[in-house]
Amino acid sequence: MQWFGPGQVTPGTTQADLDVRVGGRYRIKFTGSNGEHHEVGGIYREVVPNERLVFSWAWHSTPERVSEVTVSIRPDGGGTLLTFYHAQFVDETARDNHQRGWTEFLGNLQQYVDA
């Protein structure tokens, strides 16, 4: 929770409930620096420890817009290669907004790992 979210998450506002197993649910909540509350959740569709997660993704404000996220990791030299894929967007605007958010999210992860 120290690095989750896009670039403008108010520190200390992230909450996560995760049941990481096939069929398990997750819900993540956070507040942006503009004071706007965000909540997203879904169901784990595939869980392969230390290799792969596949899960549905839907914002609380638009539960009918379900997309799918796949995260794969594998050893790469002295580190780890993370492959991230988010698909099944309702339109190009949703795709572009998620691309911006995930880019910031992965930047936060990189800063956390480098610290």
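Basis of the calculations
Residues numbered from 1 in each chain as written. Predicted model: local features only at pLDDT ≥ 70, side-chain atom pairs only at ≥ 80, totals over all residues. Heavy atoms only, no water. Phe/Tyr/Trp six-rings, centres within 6.5 Å; stacked < 30°, edge-to-face > 60°. Helix = DSSP H or I, 4+ residues; strand = E, 2+ residues; numbered from the N terminus. Buried < 20%, exposed > 50% of the residue type's maximum accessible area, 1.4 Å probe, protein only.

## Some words on the packing of aromatic side chains
Working step 1: For the coordinates displayed, the defined rule picks out nine aromatic pairs.
Working step 2: Ring centres of Phe30 and Trp59 lie 6.4 Å apart, and the angle between their planes is 75°; this geometry places the pair in the edge-to-face category. Separated by 29 residues along the polypeptide, Phe30 in strand S2 (residues 25-31) and Trp59 in strand S4 (residues 52-59) bring together distant segments of the chain.
Working step 3: By relative accessible area, Phe30 is classed as buried at 4%.
Working step 4: Aromatic side chains Phe84 and Trp102 sit 4.5 Å apart centroid to centroid with 50° between the ring planes, which places their arrangement in the tilted category. With Phe84 in strand S6 (residues 79-87) and Trp102 in helix H1 (residues 92-114), this pair connects stretches of sequence that are 18 residues apart.
Working step 5: Overall, the relative accessible area of 23% leaves Phe84 in the partly exposed class.
Working step 6: Taking the relative accessible area as the measure of exposure, Trp102 reaches 10% and is therefore buried.
Working step 7: These aromatic residues form a ring-pair network of at least three members: Tyr26, Phe30, Tyr44, Phe55, Trp57, Trp59, Phe84, Trp102 and Phe105.

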